[in-house]
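Working through the structure, step by step
If you want the building blocks of each chain, they are given just below.
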Amino acid sequence: MTLEQLLEHGGLSAALAFTRIYPREALARAGAALVCCGPGDNGGYGLACAKYLKIFGYKLTLFYPKTPSKPAYRQLLNQCEKLDIPFLSYMPGDVQVLQHNYGLIIDALFGWTFQLPVKPDLAGVFGKLCDTTVPIVSIDVPSGWEADKPPSGSQQLRPDSLISLFLPKRCSLEFAVRRHYLAGRIIPVSMATKLGLRLPCWGSADSSSLTLALIDPSAAAGDSECLQSVSYRRADSLVDYMPGGTAAADAAAAA
Ligand SMILES: NC(=O)C1=CN([C@@H]2O[C@H](COP(=O)(O)OP(=O)(O)OC[C@H]3O[C@@H](n4cnc5c(N)ncnc54)[C@H](OP(=O)(O)O)[C@@H]3O)[C@@H](O)[C@H]2O)[C@@H](O)CC1
C-alpha cells in the first residue's frame, strides 16, 4: 500500500472508532476537539482523522506545529483547510486555556518511532498534553511512549482512550484506558501467519467490521508478556459504549 492509501484507511478507521467512543452530540456539549498532529506518519493519520471527523459533523480545531515534510501530509493539510477546519497557530501557554476551549484532545503527535527524550522543538507542546486535564484520545501510541515498553520519562501522557492502528503495540498492555479500539484492517492473513500475529476476527463485510475491533481490556489484563494474548471483540457487538465520552458529557448524560 502507498503512504496515501495507509493514511486514508487509517485516518478513516480512526475517525470511525472515535465516533464510537465520543458521539458527536455529547462531545459538542463538552466543547470542540483539538487535534494535535506531529511531523511524522502519526500526525498524517491525525490529519486524515480530522478530515473525516469534520465530514461527520464534529466541531474541531487542528494544531500542526511543524511544516509538512511529505506530499501526502501536504495534501491532507490542504483538504483540511478546504473543509474550513480552523487552525491553532500556537499551543496556549496556560493549560487553563486549553481546558476552557476544548472538550477533548486527539493526540497524533508521536507514533511508534518516537524515542526519548523529546526534542526541544516539541517539548513545550508535549508538556502541555501531559499537564492538561482535558481528556485525551491517542492515535496508535500515546505520545511520549515507545512502542515496546512503558514510559520512562519524567512527563507521561495518560490517555482516556486509545485507537491502535492496524495492530496494537506492546506498550498498550502497560496501561488501562476507558476504551481501546483497533482500527484499520490492512494486515493480510498470509503476513499474520508468517509473523505469528493473531488478528481479530473481523467478521462479515459491514461497514464497522471492515475497520474496527474493540479490544477487551479484561482479557488483556494480567498478561503483559505477549501481544497475541490481547483479545478482540467485533466492534458491532459493542453496543454499550459510553453515552458521553468526556467526564463532563458523561455526567450531563447521567443527570
Ligand atoms: N513505519 C511503518 O512501517 C508504518 C507506520 N505506520 C504508522 O505510522 C506511525 C509512525 O509514523 P512515523 O514512523 O512517521 O513516526 P512518528 O512518531 O509519527 O513521527 C516521527 C517523527 O517524529 C519526530 N520525533 C521523533 N522522536 C521525537 C522526539 N523524541 N522529539 C521530538 N520529535 C520527535 C521526528 O520528526 P523530526 O524531528 O525529524 O521533524 C520524526 O521524524 C506509527 O504509529 C504507525 O501507526 C503505518 O503507516 C503503517 C506502516
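Residues numbered from 1 in each chain as written. Predicted model: local features only at pLDDT ≥ 70, side-chain atom pairs only at ≥ 80, totals over all residues. Heavy atoms only, no water.

Attention shifts here to the state of the cysteines. The final tally for this structure, using the stated rule, is zero disulfides. The thiol sulfur of Cys49 is not disulfide-bonded, and the nearest other cysteine sulfur, from Cys37, lies at 8.4 Å. When its relative accessible area of 1% is taken as the criterion, Cys49 is described as buried. Cys80 carries a free sulfur, and the closest cysteine sulfur to it, the one in Cys37, is 7.5 Å from it. (Disulfide = S-S within 2.5 Å. Buried < 20%, exposed > 50% of the residue type's maximum accessible area, 1.4 Å probe, protein only.)

Between helix H3 (residues 41-55) and helix H4 (residues 71-82), the least distance of the axes is 9 Å, while the angle of their chain directions is 25°. With respect to H4, the element H3 is oriented roughly parallel. Every pair of crossing elements has a handedness; the one defined by H3 and H4 is left-handed. Within the contact between the two elements, H3 uses Asp41, Gly44, Leu47, Ala48 and Lys51 and H4 uses Tyr73, Leu76, Leu77, Gln79 and Cys80. Partitioning the contact of H3 with H4 into residue classes produces six nonpolar, two polar and two charged. (Axes fitted to C-alpha atoms, helices over the stretch in contact; angles between N-to-C directions. Helix = DSSP H or I, 4+ residues; strand = E, 2+ residues; numbered from the N terminus. Parallel < 35°, antiparallel > 145°, perpendicular 65-115°, else oblique. Left-handed = near helix turned anticlockwise from the far one by under 90°. Contact = heavy atoms within 4.5 Å. Nonpolar A, V, L, I, M, F, W, Y, C, P; charged D, E, K, R; others polar.)

In the vicinity of the ligand lie 19 residues, with Tyr45, Gly111, Thr113, Gln115 and Asp140 positioned nearest. Take Lys66: an N or O atom from its side chain is 2.8 Å from an oxygen atom of the ligand. One of the backbone N or O atoms of Pro117 is found 2.8 Å from a nitrogen atom in the ligand. No other element matches the three residues that H3 contributes to the shell around the ligand. (Near = heavy atom within 4 Å. Polar contact = N/O pair within 3.5 Å; in protein donor to acceptor, adjacent residues only side chain to side chain.)

Moving on, we come to the pattern of salt bridges. A complete count under the given rule lists six salt bridges for this structure. For Glu8, the salt bridge is made with Lys51, and the minimal N-O distance between the two is 2.7 Å. Residue Glu8 is found in helix H1 (residues 3-21), and its partner Lys51 is found in helix H3; the two are separated by 43 residues along the sequence. Among the residues examined, Lys51 registers a relative accessible area of 9% and is labelled buried. The residue Arg178 makes a salt bridge to Asp160 at a minimum N-O spacing of 3.3 Å. Placement of Arg178 in the loop between strand S5 (161-165) and strand S6 (179-183) and of Asp160 in the loop between strand S4 (136-139) and S5 is noted, with a sequence separation of 18 residues between them. (Salt bridge = Lys/Arg side-chain N within 4 Å of Asp/Glu carboxyl O.)

Mapping Phe114 onto the fold places it in the loop between strand S3 (102-108) and helix H6 (120-131). Taking the relative accessible area as the measure of exposure, Phe114 reaches 9% and is therefore buried. In contact with Phe114, other than residues within four places in its own chain, are Gly144, Trp145 and Glu146.

The relation between two aromatic rings is expressed through the spacing of the ring centres and the mutual angle of the planes. For the coordinates displayed, the defined rule picks out five aromatic pairs. With centroids separated by 5.1 Å and ring planes inclined at 40°, the aromatic side chains of Phe18 and Tyr22 adopt a geometry described as tilted. Pair check on accessibility: Phe18 and Tyr22 agree, each one buried. (Phe/Tyr/Trp six-rings, centres within 6.5 Å; stacked < 30°, edge-to-face > 60°.)

Moving on: the side chain of Ser13. One can find Ser13 in helix H1. On the basis of relative accessible area, Ser13 is assigned to the buried category, the value being 0%. Among the polar contacts made by the side chain of Ser13, one reaches the main-chain carbonyl oxygen of His9 at a distance of 2.6 Å.

The terminal C-alpha atoms of H3 lie 21 Å apart, and with 15 residues this matches the ideal 21 Å at 1.5 Å per residue to within 8%. Gly57 sits one or two positions beyond H3 and adopts a positive phi of about 95°. (Expected span 1.5 Å × (residues − 1).)

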